[in-house]
Amino acid sequence: MSMKMMKRDGENRIKGKRDVQERKRNLYVMICNHLANNGYIDTAACMQREIDINFDNYEVADNMDLYYVLQDFEEYYELRFQKKPTLVKKTGDNPVKKSMLNRKPPSGALKKQGSTSRASGSSSTKAQKSSKEELKVKKSKSSVENQFSLEGKNIEIQKEEVKEETPEEYFENRVLPPLPEFVLAGELKDLALSVQREIITSNPEVSFKDIIGLTTAKKLMKEAVMLPLKYPHLFTGLLEPWKGILLFGPPGTGKTMMAKAVATQCKTTFFNISASTIVSKWRGDSEKLVKILFDLARYYQPSTIFIDEIDAVMSSRSQSGEHEASRRMKTELLIQLDGLIKSTDERVFLLAASNLPWELDSALLRRLEKRILIPLPELEARKALIHLLVPPTKSENLDYFEIAALLDGYSGSDIRLVCKEAAMKPLRRLMDRIENVDTDTDDFDWTPITDPEKVPQPEPVTMDDFLQALETTKAATHVIEQSKYQKWMEEFGSV
Ligand SMILES: Nc1ncnc2c1ncn2[C@@H]1O[C@H](COP(=O)(O)OP(=O)(O)OP(=O)(O)O)[C@@H](O)[C@H]1O
């Protein structure tokens, strides 16, 4: 890492610590104010004695109250996730053990050393007495033993192993910070809210294991995005990471899956949008949308911006006679990409996907320095995908090798369709047997039967089912086009 980067890193760390201290101080002052305003004078006074802040120096700002902060957060959360946040949950059948005082004080809590609680007669005193002997603490990550003092006694906090979060759990548990001031105050607020609601995917939920085959592409993606995020000090100067990456190949081969897997694996904030949606949905505002998209990606970094069907807006053919707004949007996209490429400390990557790379504007291609082919699956990958989708437990005497050979030229998405069609056949046979689905009748009982015990299982999928499915489900990509991708790869791709 260069001296400049190390210095900036150190400054950021100090600022981060200062922010945490300030946030905690504000929280305590607000809690105290809230308690006093609601008549809990003794408790507020006790809190002032226990916490190491000079409360005389601080007061809650005008129009601020903990109640409204909480209300704002709930509204934000509901808007963002379409559900209310769970702030408080019911304890089990042993409330004493799980009482508030059974928790470890948060690290760095502003507690006066050796201070004792003097809240006479309050409920908190009773709770403290009941928890004198031993406190069990749920720790978040490390399992270091801690001790802290309560009522003058040393109390041991027991070790409890807590397993690391998986990337999926990380996304599930993560709440992005609210939108920054610079967008909330300006005219772009509505657009920013749309980006947050519709474009940021909180949990892409794809792991590399889910992607069958594509070994070379996975390796290239790892090198281009994941390793630079892990070892920032090695990828500097000439080895600066690629900021713009093009994933190209036939439709349905796993480009979107690949982008999602990278975001899941690297725990980056994932912005997922298709270029045609930018044009059709935000027609008049598409240029502003692109700007706010990149601004938010920087704010929420590390971020991955995935723009699918990039050819829909950056096609070289659409230059003559194109609409002024569309030209402005293209220019904005190029400006933003330039910004990403020039900046050395921003961890924002653009992954663009296209089925028609040969149609891309050369100005864009220059900026998408890394171009990775996501090809049709090879024989082994086809076999593995069929195996995954229709496992031996659900089939009878399937010759996976033969089916995979017959599916030459099919994409992952095509193979999924064939497998689905084949698996539908025994289900149709079962339905014909147990249900006389007469579409013209009105007296059909639609009540769902949810108990699996009450419904017979479909027979296993057979080879015949597959052969019939193959007759009706054709590959979306023509063989001639495949060689076109290969040729383009040889001319413009990176291996
Ligand atoms: N390599 C693969 N491994 C597992 N499943 C795959 C693979 N490729 C495609 N699929 C299946 O096909 C579906 C579509 O894949 P995906 O959306 O990633 O393709 P794409 O290349 O982005 O398509 P398009 O170019 O049309 O946007 C996936 O949801 C998955 O079910």
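The name an unreviewed UniProt entry assigns to the protein is Katanin p60 ATPase-containing subunit A-like 2, from the organism Euplotes crassus. The Catalytic activity (unreviewed entry) field of the UniProt record for the protein holds the comment "n ATP + n H2O + a microtubule = n ADP + n phosphate + (n+1) alpha/beta tubulin heterodimers."

**Structural notes on the overall build of the protein**
Of regular secondary structure, the protein possesses 19 helices and eight strands. The buried share of the protein, reckoned over its 495 residues, is 26%. Summarising the internal contacts of the protein: among those between residues at least 6 apart in sequence, 79% fall at separations of at least 24.

**Things to note about the nonpolar core**
Of all hydrophobic cores here, the largest spans 77 residues; its most connected members are Ile-245, Leu-247, Met-258, Leu-293, Leu-351 and Ile-372. Each of domain 3 (168-373) and domain 4 (379-437 + 451-476) gives at least three residues to this core. Residues Tyr-28, Val-29, Cys-32 and Met-47 belong to the second largest nonpolar core, which totals six residues.

**With respect to the site of the ligand**
Looking at the ligand, there are 19 residues lining it, with Gly-254, Lys-255, Thr-256, Gly-412 and Ser-413 nearest. Going through the elements one at a time, α9 (255-266) and α17 (412-434) are the ones with two or more residues in the shell around the ligand. A class-by-class count of the residues in the shell around the ligand yields eight nonpolar, eight polar and three charged.

**Re the UniProt feature "binding site: ATP" (unreviewed entry) in the protein**
Sequence positions flagged by UniProt for "binding site: ATP" (unreviewed entry) are, in local numbering, Gly-249, Pro-250, Pro-251, Gly-252, Thr-253, Gly-254, Lys-255 and Thr-256. Here Lys-255 lies in helix α9. When near neighbours in sequence (up to four residues on either side) are disregarded, Lys-255 contacts Leu-247, Gly-249, Ala-353 and Ile-374. Mapped onto the elements, Thr-256 comes out in helix α9. In this structure Thr-256 comes out as buried when scored by C-beta crowding, with 20 C-beta atoms within 10 Å.

**Quick look at unusual backbone geometry**
In this structure, the amide linkage connecting Gln-301 to the following residue, Pro-302, adopts the cis form with an omega of 5°. Along the polypeptide, Pro-302 turns up in the loop between α11 (286-299) and β6 (303-308). Although it is not a glycine, Lys-267 adopts a positive phi angle of roughly 55°. The exposure class of Lys-267 is partly exposed, given the 14 C-beta atoms found within 10 Å.

**Some thoughts on the sheet that holds strand β4 (residues 244-248)**
Across the sheet, which stays open at both edges, the six strands sit in the order β3-β5-β6-β7-β4-β8 with mixed pairing between neighbours. The open sheet has two free edges, formed respectively by β3 (200-201) and β8 (370-373), since each of these has just one partner strand. Pairing analysis gives four bridges linking β4 to β8, with the strands arranged parallel. By the bridge assignment for β8, Leu-246 is matched with Arg-371. Contacts between helix α8 (residues 215-230) and the sheet are confined to β4, β7 (348-354) and β8, with β8 contributing the most and set at about 160° to the helix. Along the sheet face, α9 touches β4, β5 (269-274), β6 and β7 and points at about 170° away from the line of β6.

**Considering α9**
Over its 12 residues, α9 extends 17 Å from the first C-alpha to the last, a length consistent with the 16 Å expected when each residue adds 1.5 Å. In terms of burial, α9 is largely enclosed, as 11 of its 12 residues are buried. The complete set of buried residues in α9 reads Lys-255, Thr-256, Met-257, Met-258, Ala-259, Lys-260, Ala-261, Val-262, Ala-263, Thr-264 and Cys-266. Taken from the residues just after α9, Lys-267 is the one with a positive phi, measuring 55°.

**Let's talk about the environment of Thr-86**
Mapped onto the elements of the fold, Thr-86 is located in the loop between α3 (66-81) and α4 (123-130). C-alpha separation for the pair Thr-86 and Glu-74, spaced 12 residues apart in sequence, amounts to 9.3 Å.

**A short note on helix α18 (residues 463-472)**
Given 3.6 residues per turn, any residue in an α-helix points the same way as the ones three and four places further on. Residues of α18 that are buried include every one of Asp-465, Phe-466 and Ala-469, and no others. Axial view of α18: buried residues confined to an arc of 95°, hence all on one face. Among the exposed residues of α18, those pointing more than 90 degrees away from its buried face are Asp-464 and Glu-471. Of the surrounding secondary structure, the elements contacted by the buried residues of α18 are α16 (400-406) and α17.

**Notes on the pairing of β5**
Note that β3 and β5 share two bridges and pair antiparallel. Residue pairing across strands places Thr-201 opposite Phe-270, the latter belonging to β5.

Here is what the cut-offs are and how they apply
- Residues numbered from 1 in each chain as written.
- Predicted model: local features only at pLDDT ≥ 70, side-chain atom pairs only at ≥ 80, totals over all residues.
- UniProt positions renumbered as here; feature names shortened; annotations may be inferred.
- Helix = DSSP H or I, 4+ residues; strand = E, 2+ residues; numbered from the N terminus.
- Buried ≥ 20, exposed ≤ 12 C-beta atoms within 10 Å, placed from the backbone.
- Contact = placed C-beta atoms within 7 Å.
- Core = buried A, V, L, I, M, F, W, Y, C linked by C-beta atoms within 7 Å.
- Domains from an automatic or database assignment.
- Near = placed C-beta within 6 Å.
- Nonpolar A, V, L, I, M, F, W, Y, C, P; charged D, E, K, R; others polar.
- Pairing = 2+ DSSP bridges.
- Axes fitted to C-alpha atoms, helices over the stretch in contact; angles between N-to-C directions.
- Expected span 1.5 Å × (residues − 1).
- Arc of directions from axis to C-beta.

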